[in-house]
Structure formats: structure tokens, C-alpha cells
Amino acid sequence: DSDFLRKEMNEALRSDIIYLAGGNTFYFLKHLRESGFLKRLEKFIQSGGIVTGLSAGAIILKPHIYMAAYPKHDCDKKEVKLKNLNSIGEVDFEFFPHYTP
């Protein structure tokens, strides 16, 4: 969400693997889109690059981020206005990163 220099984006995309950290999933997706990095990540994956993530970074790898709003006791707050919840779609299953019974 800070000024992300094109040079840094290009450097990251020359790596073998990119790690997406955690945080608020809605906020994260919004800023990945606004920076143009989401589309570049998709191309990186399609060309054989590896992307991994933790918590919100893992949810970003799903086709959409609906699960970030669940469960109520541990959900991400919709702090930003984000109507399109579609994401990268690298994995095709659902999960709660912080699941506890």
C-alpha cells in the first residue's frame, strides 16, 4: 500500500518464488490490484513461477476471497470498499488459514 516502485516489482518477478505475507485480505487484494501487481503475479504463475502465502497471502491464491469474511470470531474486516472479490485462482479449494474447532 506504500509507493511500490516498478523497479522493485520487476525485481520480485525475476525471482524463483514470491511469498505473500498476511494481513487484511480485502485491503491486500485492493492494493495488489491498484499497483498492477495482481495481473503480473497471475502471469508469473502461468509462466511457471511459484507463489506461496501465509494467511491473507494464501487466501489471495484462491479464485476469490469470500472466506476472508468467515468465521465471525476471526474474520477480516472489510475496511476498504472492494466489490470484486475475485483473485488469482491458483488453488481451487476453500480453507480457513486460522481454523480452530
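For the structure, check the block above.
Conventions used here
- Residues numbered from 1 in each chain as written.
- Predicted model: local features only at pLDDT ≥ 70, side-chain atom pairs only at ≥ 80, totals over all residues.
- Heavy atoms only, no water.
- Patch = residues over 30% accessible without salt bridge, like charges linked within 9 Å, V, L, I, M, F, W, Y side chains within 5 Å.
- Areas by Shrake-Rupley, 256 points an atom, 1.4 Å probe, with all protein chains shown as cover.
- Salt bridge = Lys/Arg side-chain N within 4 Å of Asp/Glu carboxyl O.
- Helix = DSSP H or I, 4+ residues; strand = E, 2+ residues; numbered from the N terminus.
- Phe/Tyr/Trp six-rings, centres within 6.5 Å; stacked < 30°, edge-to-face > 60°.
- Lys NZ or Arg CZ within 6 Å of the ring centre and 35° of its normal.
- Buried < 20%, exposed > 50% of the residue type's maximum accessible area, 1.4 Å probe, protein only.

Colleague: I'm lost on a nonpolar patch on the surface in this one. Help?
Modeller: A contiguous nonpolar patch, built from Tyr70, Phe96 and Tyr99 and spanning about 340 Å² of accessible area, is present on the exposed surface. One can find Phe96 in the segment after helix H4 (56-59).

Colleague: Can you help me understand the packing of aromatic side chains in this one?
Modeller: The description of an aromatic ring pair rests on the distance of the ring centres and on the angle between the ring planes. Taken as a whole and judged by the stated rule, the model has one aromatic pair. Each ring, one from Phe93 and one from Phe95, has its centre 5.8 Å from the other, and the planes form 50°; the classification is tilted. Above the plane of the ring of Phe95 lies Lys62, whose end atom (NZ or CZ) is 5.6 Å from the centre.

Colleague: Where do I start with the pattern of salt bridges in this structure?
Modeller: Any two side chains of opposite charge can pair, given that their charged atoms come close. Within this structure, the stated rule accounts for two salt bridges. Across the salt bridge formed by Glu34 and Lys30, the nearest N and O atoms sit 2.6 Å from each other. Of this pair, Glu34 and Lys30 both sit in helix H2 (residues 25-35), four residues apart, roughly one helical turn. Lys62 is the salt-bridge partner of Glu94, the closest N and O atoms lying 2.2 Å from each other.

Colleague: Looking at this structure, how should I read unusual backbone geometry?
Modeller: One can expect most non-glycine residues to show negative phi and most peptide bonds to be in trans. For the bond from Tyr70 to Pro71, the omega torsion is -20°, close enough to zero to count as cis. Phi at Ser55 takes a positive value of approximately 60°, unusual for a residue other than glycine. Looking at Ser55, the relative accessible area reads 15%, which means it is buried.

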